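Structural characterization, general
Here are the chains, one letter per residue:
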Amino acid sequence: MPGILYAIPTPLGGAAADALPAAALSTVRTLRHFVVENAKTARAFLKEIGMPCPLQELGIATVDADFSIALQDLRKGQSVGLLSEAGCPAIADPGARLVEAAHQAGIRVVPLVGPSSIVLALMASGLEGQRFAFCGYLPREAEERKKRITELEARSRRERETQIFIETPYRNDVLLAALLQTCRPATQLCVATDLTLPSESIRTRRIEDWRVSPHSVGKQPTVFLLQAA
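Thresholds applied
- Residues numbered from 1 in each chain as written.
- Predicted model: local features only at pLDDT ≥ 70, side-chain atom pairs only at ≥ 80, totals over all residues.
- Heavy atoms only, no water.
- Helix = DSSP H or I, 4+ residues; strand = E, 2+ residues; numbered from the N terminus.
- Buried < 20%, exposed > 50% of the residue type's maximum accessible area, 1.4 Å probe, protein only.
- Contact = heavy atoms within 4.5 Å.
- 1 Å grid on protein atoms, 1.4 Å probe; cavity = no way out; pocket = protein on both sides within 12 Å on 5 of 7 lines; lining within 4 Å.
- Points joined across faces, edges and corners; volume = space filled by probe spheres on them.
- Nonpolar A, V, L, I, M, F, W, Y, C, P; charged D, E, K, R; others polar.
- Pairing = 2+ DSSP bridges.
- Axes fitted to C-alpha atoms, helices over the stretch in contact; angles between N-to-C directions.
- Core = buried A, V, L, I, M, F, W, Y, C linked by side-chain atoms within 4.5 Å.
- Phe/Tyr/Trp six-rings, centres within 6.5 Å; stacked < 30°, edge-to-face > 60°.
- Lys NZ or Arg CZ within 6 Å of the ring centre and 35° of its normal.
- Arc of directions from axis to C-beta.
- Lys, Arg positive; Asp, Glu negative; His and termini not counted.
- Salt bridge = Lys/Arg side-chain N within 4 Å of Asp/Glu carboxyl O.
- Polar contact = N/O pair within 3.5 Å; in protein donor to acceptor, adjacent residues only side chain to side chain.

**Some thoughts on the overall build of the protein**
From N to C terminus, the protein includes 9 helices and 10 strands. Its C-alpha atoms give the protein principal-axis dimensions of about 60 × 35 × 30 Å. Across the 229 residues of the protein, 44% fall into the buried class. Relative to all contacts within the protein whose residues are 6 or more apart in sequence, the contacts with residues 24 or more apart total 75%.

Next comes the structure, spelled out in structure tokens:
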């Protein structure tokens, strides 16, 4: 029988024991092969959760490498863990390519329970939770970004759907300024920053209220959610 590809969430910040269920941690400790986004931070995570063997004995490959070795291990019956930098793997994450390859090879994929910044932000936003779309990153170029924001606002209004997107942290304030400049006054915007951390901030306001009381996000991990009136 082939092994299982486990999609392993990692903390958004703080201790792994506080963010992940005991059952998930127990499963991870049984694994000896991992595909990771960053080897250094992956080793730090695995050390923190108390792997029962020396880290030097683990097989750790990066997600941008050839997947053939991981797939060979899986076909031989050895289970493999997929780790992203933070949150759930394969969501806005390059690990999705390995998950796709596993399905094509007929290998079982099992997602473990853990934090997702996208879902946590939606839960706390007060915006439409029956219909929503994760749109990833918006364009970097100003005019293209403005055009995309207008499209997402129109789609939200038409479909009564929450639009969720993220940005590279050092461009957070640029994106926020573009949203305040582009969106209609009655559109609701949620800015969710540092989720699960002591510095967590989740604010939902109409655009016109954001304009009256501007807010700087800074370079902290942030999820933006938009719902047109």
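**Side note on helix α8 (residues 172-182)**
Where α8 is concerned, the buried positions are N172, L175, L176, A178, L179, L180 and T182. Buried residues belonging to α8 abut α7 (142-159), β7 (162-166), β8 (188-193), α9 (207-212) and β10 (222-227).

**Re the layout of surface pockets**
Looking at the largest pocket, its volume works out to about 610 Å³. Those elements giving two or more residues to the lining of the largest pocket turn out to be α6 (117-125) and β10. Within the lining of the largest pocket, the residues separate by chemical class into 14 nonpolar, 5 polar and 5 charged. Space inside the second largest pocket adds up to approximately 220 Å³. In terms of lining residues, the second largest pocket is bounded by 17 residues, among which T10, P11, T41, F45 and E85 are the most central. Take the lining of the second largest pocket: its biggest share by element is 5 residues, from helix α3 (residues 39-48). Tallied by class, the residues present in the lining of the second largest pocket amount to 8 nonpolar, 6 polar and 3 charged.

**Some remarks on the sheet that holds strand β6 (residues 132-137)**
The 5 strands are arranged β6-β7-β10-β8-β9 in an open sheet whose pairing can be described as mixed. Every interior strand has two partners, whereas the edge strands, β6 and β9 (201-206), have only one. The mean angle between the axes of side-by-side strands here comes to 15°, regardless of whether they run parallel or antiparallel. The sheet contact formed by β8 and β10 spans 6 bridges and is antiparallel.

**Regarding the nonpolar core**
Counting 22 residues, the largest nonpolar core has I8, V28, F34, F45, L46, I49 and L83 as the members making the most contacts within it. Of all elements in the fold, only β1 (5-8), α2 (22-28), β2 (33-36) and α3 reach the threshold of two or more residues within this core. Setting aside anything within four residues of it in sequence, one finds F45 in contact with I8, P9, T10, P11, A16, L20 and L83.

**Re the packing of aromatic side chains**
Across all of its chains, the model carries 1 aromatic pair by this definition. Consider the rings of F165 and F224, whose centres lie 6.1 Å apart with planes at 10°: the pair is stacked. Here F165 is found in strand β7, whereas its partner F224 is found in strand β10, with 59 residues between them in sequence. The class of F165 is buried, set by a relative accessible area of 0%. Since its relative accessible area comes to 0%, F224 is described here as buried. Against the face of W210 rests R205, its NZ or CZ located 4.7 Å from the ring centre.

**Here's the deal with the environment of R157**
Among the secondary structure elements, R157 is positioned in helix α7. Exposure remark for R157: the relative accessible area of 30% places this residue in the partly exposed category. As for R157 and D66, which are separated by 91 residues in sequence, their C-alpha atoms are 42 Å apart. Those residues in contact with R157, other than ones at most four positions away along the chain, are R184, A228 and A229.

**Quick word on helix α4 (residues 68-75)**
Buried within α4 we find A70, L71, D73 and L74. For α4, the arc enclosing every buried residue in end-on projection is 155°, short of the 170-degree limit, so these residues lie on one face. When the buried face of α4 is taken as reference, the exposed residues oriented beyond 90 degrees from it are I69 and R75. The inward-facing, buried residues of α4 abut β1, β2, β4 (80-83) and α5 (96-104). Just downstream of α4 lies G77, where phi reads positive at about 100°.

**Describing the side chain of D194**
Among the structural elements, D194 can be located in the loop between β8 and β9. Notably, D194 is buried but unbridged: the nearest opposite-charge side chain belongs to R203, and the N-O separation is 11 Å. At 2.6 Å, the side chain of D194 forms a polar contact with the side chain of S199. Aside from chain neighbours lying at most four places away, what touches D194 is S199, E200, Q220 and P221.

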